[in-house]
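Take a look at the letters that make up each chain.
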Amino acid sequence: MAFTSASSRARALVESAERDLTVVYERIHSVEYAVQERVLRAFSCEEISARHFAPTYGYGYDDIARDALDRVFAHSFECEDALVRPQLVSGTHAIFTALDGLLQAGNTLLSITGKPYDTLESAIGLSDGGARGSLIGKGVKYKQHELCDGSCMDVNALDMALCQDTSIKVVYIQRSRGYDWRDSIDLSQIAAVCAVVHSHPGVCVMLDNCYGEFTDFHEPTHYGVDIMAGSLIKNPGGGIAPTGGYVCGKHVLVELISNRLTVPGTGREVGSYAASYQPFYQGLFIAPHVTANALKSAALFARVFELLGMNTLPASNAVRSDIVQSVRFKDAASLIAFCRSIQAVSPVDSHVTPYPWDMPGYSDQVIMAAGAFVQGSSIELSADAPIREPYTAYVQGALTYGHGRIAVMAAVDALRANTGE
């Protein structure tokens, strides 16, 4: 599918949607400015300079760039400590490393947002009966609570569970929706859960923060989350970080987790990086602005497809807690046409036609549209969907709002062509 100029109909729809979104965009800008100030203050506090961009080799003892990056992230995420490493290859790896460091045999992990994202099922041991290397395989027990009405965590059931089962040591929250038709978890709910959990000594709150970073004025750690993790090729890397993940929160917990990242006894004191650290610093610095672009693009997708009479979640005027926008289609052909339109307006691999395939870690075939400078980067504009009913695409990212705007128009025209209008 070649990239062509948008039709006058698509342009008119986008312009109408933008007029409707004035107040929504004003709030997004307010969040961007507040977060940017906090990130800039972090750089200033740690006196970041060119010496922090130098590569390191070997064991990485006394790596000032690595250690300063940890502190800059901790300031930016409003918490005591952070572990930011290129050796964490994905958000799933960062989350699993954190859980593995926090849980021992006989402990129970309680997920209160239902079944975790597909790629975590094998890591926990849910999809393979507790294979060796998974949490269940090493003797950790697992329980889950479903969300009430599809979007609310049940704090009363949580309190009762913690009273009845003292083996529960980690209460797990997945902030984003994954492949579920639900709202992302907002910060007021997270604060309420933290208050309940902290009334039970010895239990901590662990949060998957993927897709949620810098989408609101404060981070979940500000509201009591003990530890959280995510990917650097999503929001906090600003589209510049080439790889990596982070874990941040309470110092004592970060120290425990660092022993799983490397080995007990050396922990965070080792680990070099032979490439420059500059992309990680620069990515974090630009992340508030890039995240704002992604939020504005998501709201635009929502409003345009609302105007077309389609189902979207969240609504275009919603206060967002992640960058993901869900759009439902009447059939698989429309869903596939939508994803292909996103690929066609990508800066990389625009000539490629995506097809559904058996992607590792997923139970259904998945179609993924992502022409990104960094492979798998979800802060760059992408769309993906499992091929199952109800046919739902999940759109996220956009390094620039202009790119998001073009993609919306391309999608409108692609759907029109698919239906023969």
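Quick notes on the rules
Residues numbered from 1 in each chain as written. Predicted model: local features only at pLDDT ≥ 70, side-chain atom pairs only at ≥ 80, totals over all residues. Heavy atoms only, no water. Helix = DSSP H or I, 4+ residues; strand = E, 2+ residues; numbered from the N terminus. Rg over C-alpha atoms; globule rule 2.2 N^0.38 Å. Buried < 20%, exposed > 50% of the residue type's maximum accessible area, 1.4 Å probe, protein only. Contact = heavy atoms within 4.5 Å. Areas by Shrake-Rupley, 256 points an atom, 1.4 Å probe, with all protein chains shown as cover. Lys, Arg positive; Asp, Glu negative; His and termini not counted. Charge placed at Lys NZ, Arg CZ, Asp CG, Glu CD. Pairing = 2+ DSSP bridges. Axes fitted to C-alpha atoms, helices over the stretch in contact; angles between N-to-C directions. Salt bridge = Lys/Arg side-chain N within 4 Å of Asp/Glu carboxyl O. Phe/Tyr/Trp six-rings, centres within 6.5 Å; stacked < 30°, edge-to-face > 60°. Lys NZ or Arg CZ within 6 Å of the ring centre and 35° of its normal. Patch = residues over 30% accessible without salt bridge, like charges linked within 9 Å, V, L, I, M, F, W, Y side chains within 5 Å. Core = buried A, V, L, I, M, F, W, Y, C linked by side-chain atoms within 4.5 Å.

### Describing the overall build of the protein chain
Of the regular secondary structure elements, the protein chain holds 11 helices and 12 strands. Rg of the C-alpha trace for the protein chain: 21 Å, near the compact-globule value of 22 Å for 421 residues, within the 12% margin. Expressed as lengths along the three principal axes of its C-alpha atoms, the size of the protein chain is roughly 65 × 50 × 40 Å. Counting every position in the protein chain, which comprises 421 residues, the buried fraction comes to 57%. Taking contacts inside the protein chain between residues at least 6 apart in sequence as the whole, the part at least 24 apart equals 71%. Accessible surface, the protein chain: about 16800 Å² in total, of which carbon and sulfur atoms supply 54%. Looking at charge distribution, the protein chain has the averaged site of its 32 positive side-chain charges lying 2 Å from that of its 45 negative ones.

### What about the sheet that holds strand 8 (residues 312-313)?
The strand order across the open sheet built from five strands is 8-9-12-11-10, with neighbouring strands paired in antiparallel fashion. Two strands close off the open sheet at either side, each with one partner strand: strand 8 and strand 10 (366-369). The pairing of strand 11 (residues 382-386) with strand 12 (residues 392-396) spans three bridges and is antiparallel. For S382, the partnering residue across the bridge sits in strand 12 and is Q396. Each of strand 8, strand 9 (325-328) and strand 12 is contacted by helix 9 (residues 278-307), which is oriented at about 20 degrees to strand 9, the strand it contacts most.

### Here's the deal with the pattern of salt bridges
Scanning the model with the defined rule gives 19 salt bridges in all. A salt bridge links R405 to E18; the nearest nitrogen and oxygen atoms lie 2.8 Å apart. Of the two residues, R405 sits in helix 11 (residues 401-419) while E18 sits in helix 1 (residues 8-20), which places them 387 residues apart along the sequence. One salt bridge connects R85 with D70, and the closest N-O pair in it is separated by 2.9 Å. Here R85, found in strand 1 (residues 81-85), pairs with D70, found in helix 3 (residues 64-76); they are 15 residues apart in sequence, far enough to count as distant. For the pair shown, R85 and D70 are each scored as buried. Members of the salt-bridge network, linked through shared partners, are D70, D81, R85, E255 and R268.

### Digging into the packing of aromatic side chains
For the coordinates displayed, the defined rule picks out 18 aromatic pairs. Between the aromatic rings of Y25 and Y401, the centroid separation amounts to 5.7 Å while the plane-to-plane angle is 80 degrees, which identifies the pairing as edge-to-face. Placement of Y25 in helix 2 (residues 22-45) and of Y401 in helix 11 is noted, with a sequence separation of 376 residues between them. Its relative accessible area of 10% is what places Y25 among the buried residues. Judged by relative accessible area, Y401 falls into the buried class, the value being 14%. Linked through ring pairs, F43, F53, Y281 and F285 together constitute an aromatic cluster. Here the basic side chain of K296 rests over the ring of Y25, its NZ or CZ set 5.1 Å away from the ring centre. Above the face of the W181 ring, R328 is positioned so that its terminal group lies 3.9 Å from the ring centre.

### Things to note about a nonpolar patch on the surface
On the surface, L40, F285 and I286 cluster together into a nonpolar patch covering about 250 Å² of accessible area. Structurally, I286 is set in helix 9. Under the relative-accessibility criterion, I286 is labelled partly exposed at 31%.

### Quick look at the sheet that holds strand 4 (residues 168-174)
Pairing is mixed across the open sheet formed by seven strands, whose spatial order is 1-7-6-5-4-2-3. Only two strands of the sheet have a single neighbouring strand rather than two, namely strand 1 and strand 3 (141-144). Across the sheet, the axes of successive neighbouring strands diverge by a mean angle of 20 degrees, strand direction being ignored. For strand 1 and strand 7 (residues 245-249), the ladder comprises five bridges, and the chain directions are antiparallel. Bridging across to strand 7, V84 finds its partner in Y246.

### Here we look at the nonpolar core
Counting 80 residues, the largest nonpolar core has L99, L109, M206, L300, F301 and F338 as its most contacted members. Considering each element in turn, this core owes the most residues, nine residues, to helix 9. Not counting residues within four places of it along the chain, the set of residues in contact with F338 comprises F301, F305, F329, A383, A393, V395, A411 and L415. In this structure, L158, V203, L207 and F280 belong to the second largest nonpolar core, which totals 48 residues.

### Details of unusual backbone geometry
Residue L313 is joined to P314 through a cis peptide bond whose omega torsion reads 0 degrees. Relative to the helices and strands, P314 is located in the loop between strand 8 and strand 9. P390 follows E389 through a cis peptide bond whose omega is -10 degrees. For D62, which is not a glycine, the phi torsion comes out positive at approximately 55 degrees. Following the sequence through the fold, D62 ends up in the loop between helix 2 and helix 3. Classification of D62 as exposed rests on a relative accessible area of 69%. Non-glycine residue Y211 carries a positive phi angle of around 75 degrees. Structurally, Y211 can be placed in the loop between strand 5 (204-208) and strand 6 (227-231). Overall, the relative accessible area of 15% leaves Y211 in the buried class.

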